[in-house]
Amino acid sequence: LLNKLTMTNFDKLSTEISMIEIKAPEQLKELVGIIFDKSLEEPHFAKMYAQLCSAIKEKLPAFDDEAVADPPPGAQPSKKTITFKRCLLNKCQEEFERADRYDEVTDTENDGLTPAQIAARTRNVRKRMLGNIKFIGELFAERILNEKIMHECVKRLLLSEDEDTIECLCKLMATIGKILDRPEAKHYMDYYFNQMRETSDKVCKNKGGNRLAFMLRDTIDLRFNKWVARRESEGPKTITEVRRQAASEGIVMGPIPPPRGGPMQDPRMMQNQRGGQGQQGNNMGPPGMQMQGRNMGGPQNYGQGGQQGGPNRGQPQDYGRGGPGGGPQGGPQGHNNNGGILPPPGQRGPGGPPGDYREQRNMGPPGQGQGQGQQQQRGGPGGPGGAGGPGGKAPPAVEEKPKATKDQMEKRIVSTLEEYVEIKELTEVTMTLTEMGSKECFPHVAFKCFEMSVEKPKHTAPLVKLLGDLVDAKTLSKKEVEGGSEEYLEILEDMIMDFPSAPRVAAQLVVGGLKSGLYSWAWLKSVGDKYWKESGYAGKFLGLVLKETVERLGVQEARASWSSSGVSLPDFGVTDEAKFIETNSLDKLMPLPQVRAKVAAMVAAGASDEELIAWIDSAVGRADVDRDVSRCIAGIVVRHACQEAGGAAGLAAANPEAELRADPTAVKLKEALEKRKVLLKTYMEKECDQAFALFEMQEISQELQHPPDLLANIFTILYDVEVVEEKACEDWRNPPDNRHHFLVAAREKFAPRENIDARKQCIKFFNWLDTAGE
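Predicted model, so just to flag it, every value in this text is computed and none were measured.

### Some points on the overall build of the protein chain
Check the secondary structure of the protein chain and you find 37 helices and four strands. For the protein chain, the residues scored as buried account for 45% of the 774 residues in total. Counted over contacts in the protein chain with a minimum sequence separation of 6, partners at least 24 positions apart contribute 70%. Of the roughly 41,100 Å² of accessible surface on the protein chain, a fraction of 50% belongs to carbon and sulfur atoms.

Shown next, in the form of C-alpha cells:
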C-alpha cells in the first residue's frame, strides 16, 4: 500500500491502511516501523507520510501496557496506553538519539569493509539522519509532535558544529521555523539564530566550510524574509496540482498517462487508432502518409472535401464510414505540420482552448462533412447530438463532483479558521460552511476553535466572537457548538502534558461563551457529570472558569452570573467550599463563607463598627458588597443581639401581651441593635437590600421557633434606628412581581405556611406602622 501511495489516491489508501486489523501492540509497533522507515528512505515524501500518520493515528486501536515500574508498597502499578502516536514518538526519539552515535563509527565496525562499502554505509547513515529530521519537522507541522519537543531538538542540534548536524538544523528550521517563530517564543528564536550566526562565522574560517556557512546564512535570510522561500519547496502533489502548476507556467501538457503498470502508447498511434476511414480501407502506415482515402498525418482531415472519418473515443476499432470525397481531395488540405497530434490553428472546436488535445479527443463519432469547412463543434452537424451523422451519439453524462470526505471537510474548516483569525471576515466563514452542504462536521468548528486557542492563546477572543456570530447568523446551532466544545473538553486532561496552559485557555473560551450566551452553567455541569465525575476534575476546571469570570467580567457581574446559575459548588464535586474558595482565590466572588466566619468572630469579640467596616471593605470591597453580603452581616448582628437578649429560652419567655419594645427582652434587643446601627446602615442603604435582609430576620425567628413578638420587635427596632424603611417592610410583606424578582425567590424558599405565620407575627408591627403613618 505504501508503494502505491500518492497524493492523488491518498484518501483511499490511508483509509485502507487504517482498516488493517491489528490485534497486538507488537503489530502496531511494526506498522509504525514500516511507515517510519519508508519516510526515511523517501525524505522527498516526508510530508505525505506525516499526513498519513495524522490521518490514521486516531483510527487505529490502542492497547494497555504492562506495569511500567515497580510500585511502592501499597500503591497500584501504573499503566500506560500504547497508541499509534506514542509508538511513533518513541521511534522518532530513538532515531534522533541514535544520530548522536552516527559520527562515532569505530574501526571495529568498519573492519572487513571495502572503501566503497564504508562510503555507502556513511551515505545511508547520513540519509537516515537527514530524513528523520525532515520527518520530525513534518510531524510537528501536522501537530503530532508538540512545540516543546521541537525546541529540545533545536537546542541539541545547536550544541554541535558537525557538518551533518548543521545541515539537519537548517533543514529542521526550514520546515518548522515559520510555526515556531511566534511572539511568545521570540526570545527562543532570537537565541537560536544568534547561535547560528556565530556558528556561520566559525565555519567560514575552516577549510571547506563555505557550504555550511551559506546554508546557515540561507536559513537566517529565510527568517528575515518572514519565512518566504525564494523557491517553493517541491513535495508530493496530485496530478491536478501538477497540471495546474504547469498551466500557470504556460506549459501545455499532453494527455493523462495510463495508470501505473499500463502500456505506454505513441500519441500519434492513438490518433491513428481513433481516426476515420476512407472508402478504400484502413491501411496504416507511417505518420503523414496518405493511404487510400485517409490522411495518416493527423487525427482528422480538417480541409475541404467530402465525407471524412473522425475520432471516436472509447471505440478505437470503429472507424466509421468514409465518403467518396475522403481520398485525394481531403489529404493534402487536411495535413498539418505539428506532428500530426493537434489540428491546425483556427480549426479547433469551441469546446476547449487552442491546443487542448483532450478536448479534441472527446469529440464524438464522425458525421458528414459540410463541403466548405467541416463543422467540428460539439452538438453541431456531424457531431455528437447532431442530426447529420449516422454515427452520432448523445454526449456522455457529466460526472458529478464526488462528495467531500469528513477529513477533507475538517481540513477545509481548519484552513478557513486560520484565514479568519488573520482577516476577521465572517462572510468567508459563512460561505465556506454553507458550501459544504453537510452539517456533519459543523461541531468540528467549535473543536478547532478550542484547539487553535490552546496553541495560540491570542486567537481566543476572535474565535469566541466568531462562534457567537455564527450562532447569531444561524449558520451554526448552539447544540453544534456545545457538541464540538464537549468533544475537546473530554480530552482536556490529556492535553495538559503537551499544553500546560490548555485548561486556562479553555476556561477563557468557556467564560466568553457564558458571557455571549453560547454556554450555560448548567451545560458546564453536564460536561463535568459526563467526563470528569470519576477523576474529580470538574471542581478544578470550575475553579479556573470562576477565576476567569471574575477577571473578565468583574466581581459584580461574575457574582450575578453565578448566583443566578441555578448550580452550586457541590454540583461540581466540591466538598470543602472554604478550601475551594481559598485555593482558587475566589474570596471576592464568594465572600460569604469568609465574611460569615470573620464578622461573627469580630462581633462576638466586641469589635467596634469602625473595625468591622474596615475589615469588610478590605476583604470584599465597598463597591462589591452585594445584597447577599449585606443580608449575611445583618443576620450575624441580629443573631448576636438575640443571644444578648436571653437566647432562645429567654426570648420564648417574653410576654405576648406586652406592647412592642416594652418587654425586657425587647429592651435588651434594642440596646444590642443600636450599638450596630452604623454597621447596618453602611451596608443596607438600598430599600431592596433592606427588604432582602428582612427575610434573614424571618429565618432567625424560624430557627428560634417563633418566640412571641420577636419578629415584630426586630422589625420595629430596625425601623426605629432607621436601618430599614417603610417601603422595604411593605416589599417584604408583598414582594412586587414586576421588579426585584430576587425578593419573590427569597420568599419562595420558605413554605407557604411559614410565610403566613411570619406575616401573622408582624401584625402588631404593621398595625403600629399604619397608626404612626396616620
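### A closer look at the pattern of salt bridges
This structure, assessed with the given rule, holds 32 salt bridges. Notably, a salt bridge pairs Glu 486 with Lys 530, separated by 3.1 Å at the nearest N-O pair. Of this pair, Glu 486 sits in helix 19 (residues 478-490) while Lys 530 sits in helix 22 (residues 521-531), and the two are 44 residues apart along the sequence. Given a relative accessible area of 11%, Glu 486 falls into the buried group. A residue is classified by how much of its surface remains accessible, and Lys 530, at 53% relative accessible area, is exposed. In this structure, the salt-bridge partner of Glu 699 is Arg 631, at a minimum N-O distance of 3.5 Å. Remark: Arg 631 occurs in helix 28 (residues 627-644) and Glu 699 occurs in helix 32 (residues 687-703); sequence separation between them is 68 residues. What makes Glu 699 partly exposed here is its relative accessible area of 29%. Overall, the relative accessible area of 14% leaves Arg 631 in the buried class. Members of the salt-bridge network, linked through shared partners, are Arg 631, Arg 639, Glu 696, Glu 699 and Glu 703.

### Comments concerning helix 19
Between its first and last C-alpha atoms helix 19 spans 18 Å; for 13 residues at 1.5 Å apiece the expected length is 18 Å, and the two agree. Restricting attention to buried positions, one finds in helix 19 the residues Glu 480, Val 481, Gly 484, Ser 485, Glu 486, Tyr 488 and Leu 489. Buried residues along helix 19 sit against helix 17 (443-455), helix 18 (460-472), helix 20 (492-495), helix 21 (502-516), helix 22 and helix 23 (537-553).

### Describing the environment of Glu 687
Tracing the sequence through the fold places Glu 687 in helix 32. Taking the C-alpha atoms as reference points, Glu 687 and Val 723, separated by 36 residues in sequence, lie 9.7 Å from one another. What Glu 687 contacts, discounting residues up to four positions off in sequence, is Glu 725, Lys 727 and Ala 728.

### A closer look at the environment of Val 154
By the element assignment, Val 154 lies in helix 7 (residues 147-158). Placed 35 residues apart in sequence, Val 154 and Met 189 show a C-alpha to C-alpha distance of 9.9 Å. Residue contacts for Val 154: discarding those within four places in its chain leaves Leu 169, Leu 172, Met 173 and Tyr 192.

### Remarks on the confidence of the model for the protein chain
When pLDDT is averaged along the protein chain, the result is 77; 74% of the residues meet or exceed 70. A low-confidence stretch, residues 102-106 stays under pLDDT 50, and its non-local contacts, those more than four residues away or across chains, total seven contacts. Below a pLDDT of 50 lies the segment residues 259-399, which in the model reaches 205 contacts outside its immediate sequence neighbourhood of four places, other chains included.

### With respect to the packing of aromatic side chains
As enumerated under the stated definition, the model contains 19 aromatic pairs in all. Plain terms: the ring middles of Phe 715 and Phe 765 are 5.7 Å apart, the flat faces sit at 80° to each other, and that makes the pair edge-to-face. Highlighted residues: Phe 715 in helix 33 (residues 710-720) and Phe 765 in helix 37 (residues 763-773), separated in sequence by 50 residues. Each of the two residues, Phe 715 as well as Phe 765, counts as buried. By way of ring pairs, the aromatic residues Phe 695, Phe 715, Tyr 719, Trp 732, Phe 765, Phe 766 and Trp 768 are connected into one cluster.

### Focus on helix 27 (residues 609-619)
Of all the positions in helix 27, only Asp 609, Leu 612, Ile 613, Trp 615, Ile 616 and Ala 619 are classed as buried. Down the axis of helix 27, the smallest arc covering the buried residues is 165°, so these residues share one side. Facing away from the buried side of helix 27 by over 90 degrees, the exposed positions are Glu 610 and Ser 618. Those residues of helix 27 that are buried are in contact with helix 26 (592-604), helix 28 and helix 31 (677-683). Just downstream of helix 27, Gly 621 is the residue with a positive phi angle, here 100°.

### Observations regarding the layout of surface pockets
Here the idea is plain: a probe the size of a water molecule rolls over the atoms and shows the empty space left. Within this model, the second largest pocket holds a volume of roughly 1,500 Å³. If you list the elements that add at least two residues to the lining of the second largest pocket, you get helix 24 (555-563), helix 25 (577-583), helix 26, helix 28, helix 31, helix 32 and helix 35 (741-748). Among the elements that make up the lining of the second largest pocket, the one with the highest residue count is helix 28 (nine residues). In terms of residue class, the lining of the second largest pocket is made up of 24 nonpolar, eight polar and 15 charged.

### Focus: the nonpolar core
Formed by 64 residues in total, the largest nonpolar core has its most connected members in Phe 541 and Leu 546. No other element matches helix 21, which puts eight residues into this core. Residues in contact with Leu 546, not counting those within four places in the same chain, are Trp 521, Trp 562, Leu 569, Phe 580, Leu 586, Leu 589 and Met 590.

### Points about empty space enclosed by the protein
One pass over the structure, following the stated rule, counts nine cavities of 30 Å³ or more. Roughly 90 Å³ of volume is contained in the second largest cavity. What lines the second largest cavity is a set of 14 residues, and nearest its centre among them are Thr 665, Ala 666, Pro 708, Asp 709 and Asn 713. Only helix 30 (664-674) and helix 33 provide two or more residues apiece to the lining of the second largest cavity. When residues of the lining of the second largest cavity are assigned to their parent elements, the largest contribution, three residues, is made by helix 30. When grouped by side-chain class, the residues that make up the lining of the second largest cavity number eight nonpolar, three polar and three charged.

### A word on the environment of Lys 134
Structurally, Lys 134 is set in helix 6 (residues 115-141). Judged by relative accessible area, Lys 134 falls into the partly exposed class, the value being 26%. Measuring from C-alpha to C-alpha, the distance between Lys 134 and Thr 175 comes to 7.2 Å, with 41 residues separating the pair along the chain. Those residues within four positions of Lys 134 in sequence are excluded, and the remaining contacts are Pro 43 and Ala 46.

### Some remarks on unusual backbone geometry
Of note in the backbone geometry, Arg 143 takes a positive phi value of approximately 65° without being a glycine. Mapped onto the elements of the fold, Arg 143 is located in the loop between helix 6 and helix 7. For Arg 143, a relative accessible area of 37% puts it in the partly exposed group. In the Ramachandran plot, Gln 705 falls in the positive-phi region, its phi being about 65° despite a non-glycine side chain. With respect to the secondary-structure elements, Gln 705 resides in the loop between helix 32 and helix 33.

### A look at the side chain of Arg 182
In this structure, Arg 182 sits in the loop between helix 8 (163-180) and helix 9 (186-204). For Arg 182, a relative accessible area of 19% gives the class buried.

### Quick word on the side chain of Thr 665
With respect to the helices and strands, Thr 665 occurs in helix 30. When sequence neighbours within four positions are dropped, the list of residues in contact with Thr 665 reads Ala 645, Gly 650, Leu 651 and Ala 654.

Procedures and definitions
Residues numbered from 1 in each chain as written. Predicted model: local features only at pLDDT ≥ 70, side-chain atom pairs only at ≥ 80, totals over all residues. Heavy atoms only, no water. Helix = DSSP H or I, 4+ residues; strand = E, 2+ residues; numbered from the N terminus. Buried < 20%, exposed > 50% of the residue type's maximum accessible area, 1.4 Å probe, protein only. Contact = heavy atoms within 4.5 Å. Areas by Shrake-Rupley, 256 points an atom, 1.4 Å probe, with all protein chains shown as cover. Salt bridge = Lys/Arg side-chain N within 4 Å of Asp/Glu carboxyl O. Expected span 1.5 Å × (residues − 1). pLDDT = per-residue confidence, 0-100. Phe/Tyr/Trp six-rings, centres within 6.5 Å; stacked < 30°, edge-to-face > 60°. Arc of directions from axis to C-beta. 1 Å grid on protein atoms, 1.4 Å probe; cavity = no way out; pocket = protein on both sides within 12 Å on 5 of 7 lines; lining within 4 Å. Points joined across faces, edges and corners; volume = space filled by probe spheres on them. Nonpolar A, V, L, I, M, F, W, Y, C, P; charged D, E, K, R; others polar. Core = buried A, V, L, I, M, F, W, Y, C linked by side-chain atoms within 4.5 Å.

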